Amino acid sequence: AFPPAASDWSDLIDGGTYLITCPNADADGARLAGARSVLERAGLWESTSVMDFSSDDGDRIRGCYDSHLAVLRRALRDMQRTGSARVLVVEDNLEYVGGDEATTLGRT
């Protein structure tokens, strides 16, 4: 099930959404397509920056840490430039997990 479309997330997110993806680990693009679908329905896709990273097969925990740190550094630069204060960082395995309103996506 997908959330209904949301119209305004500005009370939660004023600096955009950053989507972490590893294209080499998502050969058919299914994970990215699924995440895009959820973000589109929530009204967040237009403000989403897709951030591509190579998977770290030697140490997946390090790879996860490094990708999140890189995204947070980028978000900080963007926030300093735009004056925004709140961003959303998600991975490409994002799923909608319930609730009647799209706002549930950001508040559960």
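Use the structure listed above.
**What about helix α2 (residues 60-82)?**
Line of reasoning, step 1. A rise of 1.5 Å per residue sets the reference length of α2, with its 23 residues, at 33 Å; its end C-alpha atoms lie 33 Å apart and thus fit the reference within 8%.
Line of reasoning, step 2. If you follow the buried residues of α2, they end up packed against β1 (17-21), β2 (48-52) and β3 (88-91).
Line of reasoning, step 3. One side-chain oxygen of the residue at the start of α2 lies 3.2 Å from the amide nitrogen of Ile61, identifying that residue as Asp59.
Line of reasoning, step 4. Directly after α2, the chain includes Gly83, whose backbone phi takes a positive value near 85°.

**Some words on the pattern of salt bridges**
Line of reasoning, step 1. Under the counting rule described, the total for this entry stands at seven salt bridges.
Line of reasoning, step 2. The residue Arg86 makes a salt bridge to Asp14 at a minimum N-O spacing of 3.9 Å. On the criterion of sequence distance, the pair formed by Arg86 in the loop between α2 and β3 and Asp14 in the segment before β1 is long-range, its members being 72 residues apart.
Line of reasoning, step 3. For Arg62, the salt bridge identified is with Asp56, shortest N-O distance 2.6 Å.
Line of reasoning, step 4. Taking relative accessible area as the criterion, Arg62 reaches 40% and is therefore assigned partly exposed.
Line of reasoning, step 5. It is possible to trace a salt-bridge network through shared partners that takes in Arg74, Asp78 and Arg81.

Scoring rules and cut-offs
- Residues numbered from 1 in each chain as written.
- Predicted model: local features only at pLDDT ≥ 70, side-chain atom pairs only at ≥ 80, totals over all residues.
- Heavy atoms only, no water.
- Helix = DSSP H or I, 4+ residues; strand = E, 2+ residues; numbered from the N terminus.
- Expected span 1.5 Å × (residues − 1).
- Contact = heavy atoms within 4.5 Å.
- Polar contact = N/O pair within 3.5 Å; in protein donor to acceptor, adjacent residues only side chain to side chain.
- Salt bridge = Lys/Arg side-chain N within 4 Å of Asp/Glu carboxyl O.
- Buried < 20%, exposed > 50% of the residue type's maximum accessible area, 1.4 Å probe, protein only.

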